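One letter stands for each residue in the lines below.
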Amino acid sequence: MSTLADVQALSYIRAVNLALEHALATDPSVIVLGEDVALPNGPFGATKGLHAAFGDRVIDTPISESAMVGTALGAAMGGLRPVLEVIYADFLLVAMDQIVNQVANARYVSRSALTAPLVIRTQQGHTPGACAQHSQSLEALFAHVPGLRVGVPSTPRDAYSMLRLAIESEDPVMIFESRRLYPTKGDVAPGEADAGLGVSETVRRGSELTVVTWGTGRALVEESLADAAAPSVDLIDLRWLSPWDSGAVIESVGRTGRLLVVHEANETGGFGAEVVSTVSSALGSGLRASGRVGLRGTPVPAAPPLAQAVLPTVSRVSEAMSALMEV
Amino acid sequence: MQALTQGLVSGSTHLCIGQEAVPVGACEALRDDDPLITTYRGHGWLLARGVDPVDFFAEILGRDSALNGGRAGSAYMSAAEHHVYGENSIVGAGVPIAVGLGLACRRAGDGRIPVVSIGDGAMNQGNVHESLNMASVLRIPMIVVVENNGYAEMTPSAMLTAVPAAQRAAAYAMVGLEVDGNDPQAVRDVVAGARSTSLESGRPVLVEAHTHRLGGHYSGDAQAYRPAGELEKHRQSDPLVQGRKLLSEEQAGRVEADVAMLVEDAFERAVAIAAPKAEEAGTHVYAR
Ligand SMILES: Cc1ncc(C[n+]2csc(CCOP(=O)(O)OP(=O)(O)O)c2C)c(N)n1
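All of these numbers come straight from a predicted model, not from anything done at the bench.

### Quick notes on the overall build of chain B
From N to C terminus, chain B includes eleven helices and seven strands. For a compact globule of 288 residues, the expected C-alpha radius of gyration is about 19 Å, and chain B comes in at 19 Å, within 12% of that figure. Along the first, second and third principal axes, the C-alpha set of chain B runs to 55 × 50 × 35 Å. The burial tally for chain B puts 49% of its 288 residues in the buried class. For chain B, long-range pairs separated by at least 24 residues make up 72% of all intrachain contacts whose partners lie at least 6 apart in sequence.

### Quick look at the packing of helix 2 (residues 21-29) of chain B against helix 8 (residues 184-201) of chain B
Residue and element names in this part refer to chain B. Contact pair helix 2 / helix 8: the axes reach a minimum separation of 7 Å and the direction vectors enclose 45 degrees. Taken together, helix 2 and helix 8 sit at an angle that is classed as oblique. Both helix 2 and helix 8 take part in a crossing whose hand is right-handed. Between helix 2 and helix 8, the residues in contact are Ala-21, Val-22, Gly-25, Ala-26, Glu-28 and Ala-29 and Pro-184, Val-187, Arg-188, Val-191, Ala-192 and Arg-195, respectively. Its residues placed into classes, the contact of helix 2 with helix 8 shows eight nonpolar, one polar and three charged.

### Observations concerning the pairing of strand 13 (residues 258-266) of chain A
Each regular strand carries side chains that alternate between the two faces of the sheet. All names here are of chain A. Counting buried residues along strand 13, eight of its nine residues qualify, which places the element largely inside the surrounding structure. Across four bridges, strand 10 (residues 209-213) lies against strand 13 in parallel orientation. If you follow Val-211 over to strand 13, its bridge partner there is Leu-260. Relative to strand 14 (residues 289-295), strand 13 runs parallel, the two being bridged by six bridges. Counted as the bridge partner of Arg-258 is Ala-289 from strand 14.

### Side note on the packing of aromatic side chains
Applying the stated criterion across every chain yields a total of ten aromatic pairs over all chains. Ring geometry for A:Trp214 and A:Phe271: centres 5.9 Å apart, planes at 85 degrees, overall edge-to-face. Taken together, the positions of A:Trp214 in the loop between strand 10 and helix 8 (217-225) and A:Phe271 in helix 10 (residues 271-283) put the pair 57 residues apart, joining distant regions of the chain. No difference in accessibility class separates A:Trp214 from A:Phe271, as the two residues are buried. Of the aromatic side chains, those joined through ring pairs into one cluster are A:Tyr12, A:Phe44, A:Tyr88, A:Phe91 and A:Tyr182. Lying across the ring of B:Tyr286, A:Arg149 places its NZ or CZ 3.4 Å from the centre. The ring of A:Tyr108 carries the charged tip of B:Arg71 above its face, separated from the ring centre by 4.0 Å.

### Observations regarding the pattern of salt bridges
Scanning the model with the defined rule gives 30 salt bridges over all chains in all. For A:Arg121, the salt bridge identified is with A:Glu85, shortest N-O distance 2.6 Å. A residue pair is termed long-range when its members are at least 10 positions apart, and A:Arg121 in strand 5 (residues 119-124) and A:Glu85 in strand 4 (residues 81-86) qualify at 36 residues. For the pair shown, A:Arg121 and A:Glu85 are each scored as buried. Between B:Glu249 and B:Arg244 there is a salt bridge, with its nearest N and O atoms 3.2 Å apart. The exposed category is assigned to B:Glu249, whose relative accessible area is 59%.

### Regarding the interface of chain B and chain A
You'll often see interface size given as the accessible area lost when the parts meet. In this assembly, 38 residues from chain B lie in contact with 43 residues from chain A. With both sides pooled, the region where chain B packs onto chain A buries about 3300 Å², and carbon together with sulfur makes up 60% of that total. It is B:Arg107, B:Met134 and B:Tyr286 in chain B that bury the most area against chain A; as a group they hold 20% of the surface buried on that side. At the surface where chain B touches chain A, the tally comes to two salt bridges. For the interface between chain B and chain A, the tally reads 18 residue pairs in polar contact (both at pLDDT 80 or more). Broken down by secondary-structure element, the contributors of at least two residues to the side of chain B that touches chain A are helix 5 (94-108) and helix 6 (126-137) of chain B. A per-element tally of the side of chain B that touches chain A places helix 5 of chain B first, with eight residues. Residue classes in the side of chain B that touches chain A are distributed as 21 nonpolar, eleven polar and six charged.

Reading the values: rules and limits
Residues numbered from 1 in each chain as written. Chains lettered and ligands numbered in written order. Predicted model: local features only at pLDDT ≥ 70, side-chain atom pairs only at ≥ 80, totals over all residues. Heavy atoms only, no water. Helix = DSSP H or I, 4+ residues; strand = E, 2+ residues; numbered from the N terminus. Rg over C-alpha atoms; globule rule 2.2 N^0.38 Å. Buried < 20%, exposed > 50% of the residue type's maximum accessible area, 1.4 Å probe, protein only. Contact = heavy atoms within 4.5 Å. Axes fitted to C-alpha atoms, helices over the stretch in contact; angles between N-to-C directions. Parallel < 35°, antiparallel > 145°, perpendicular 65-115°, else oblique. Left-handed = near helix turned anticlockwise from the far one by under 90°. Nonpolar A, V, L, I, M, F, W, Y, C, P; charged D, E, K, R; others polar. Pairing = 2+ DSSP bridges. Phe/Tyr/Trp six-rings, centres within 6.5 Å; stacked < 30°, edge-to-face > 60°. Lys NZ or Arg CZ within 6 Å of the ring centre and 35° of its normal. Salt bridge = Lys/Arg side-chain N within 4 Å of Asp/Glu carboxyl O. Buried area = accessible area lost by both parts, 1.4 Å probe. Polar contact = N/O pair within 3.5 Å; in protein donor to acceptor, adjacent residues only side chain to side chain.

Next up, the structure:
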């Protein structure tokens, strides 16, 4: 355990930077690659100072997402631990073959004779004014694929420790950060990776309703709970979607009987449905009521009033909570 | 072939009949620990690399093979012990992976260099373009062997490719070489040269090997698209026919008998291997 003196308030993006620095400093097989990550210090500053400190272990690549993922895969199979930055999650779609057909299969098809311990870091979600090709939340797409691990950190502490865990993992891991959260500050204990892979955090305890969330959903739910009329909520930040902490959620809903899932990604075919279905199978009529709040089945529009109309908001979360309390 | 006609293989296979001289010649020029990536038509490469024919047949037959336990089948086989990082069923997808293996080899500094084989049709995949550029700017030694068998699936390559593979290399500031892919000795020499050029220059090298596919694209391909007489013409330049000429009648007879016995024996032993256990299907998805 770290001492209190080690704990510092850091921004989310600085926490990412620190985790990368730690990995490069402690494991000579770690390399960092991506567009603008070396000499320009990272498009969002996640790799600031790393090229200066670690030289050619931090590599600027051409704008070739598919080749970038494939290169990370080959390097991982060849014994390195690559951490690849993809600037926007939307660009992962350009590299789907390499992620889904190649990376995710390496271990399975070879019965672990070949492995792909690589990390793909990216950021996703709506930032005001960004268009539909720079605003998506794609975690469910990748959590759907066997062989991949998926994490969505919502605090600086988790941005740090989840990335550390990802780099140490023997499996390929995708970490979806949030640009909107990059400036937010919080306590981070450098040198330590606290929560295990797949472990959720119970943010607060309550008795009437379980709210499950991850990524940008967490702040939204916390804001909704500031309302005096809010029910007594067990708030679980899932942190990981693959593997996901179904045990903690089932235990919680077993007590509260009600479940709400809040995420920024599209509701249709989303991971919220996976959570509700799993809990429902486990608890049967022990689940009295459930609901989801997410993006309302549209691409994300650029203009803030339009985005407000379709993205999850504090008022939509509050309404969903009251509706569930009436059941 | 026999296994196919007997209905012992589920699904299709992509045989490299007629193209054998490319893997045989290339593997002669490579170190045994040079990482290798091939396409779904990679059977020849695995055998040339020294994979046990019993394991090889067992994998194609869907048995509990020592290679991939029936998970890979004909088109996605790998042999980690032999530094074969896999066939690939996605056209062109092996090239970026080879770039990463090249990065790892360069960092290890042990003189190894990855080799990736693709078809000429794969030259039109975006992935391949991205990877050649990337390997060149990042100064990564690797060899890309393009096996030009005249067809991309069922369409003549010439109809699909504006600029032939070897010529495209220049666009990536890499050396592009051509070789008679039906002559194993020529392939060996050109690949050996490519290997040292790539290691010395720190850039990828492309070798376009001209050869012929003496079968269909896949096992069920009726080849109605073949012009009359084409196969007969290509059979003249079959590397096995050519190779036979280098031997006396007696030597050739002996080699053929030995090979026939080896293949038959390996096949029989492979057929005798049990099917994989159903409970194995859910394992090795994750590390733990
Ligand atoms: C990305 C992708 N597109 C299409 C296919 C279907 N396909 C399989 S083999 C093939 C032809 C490839 O031709 P070439 O690269 O010349 O290799 P060859 O089969 O001649 O060895 C095609 C189109 C595929 N497997 N992957």
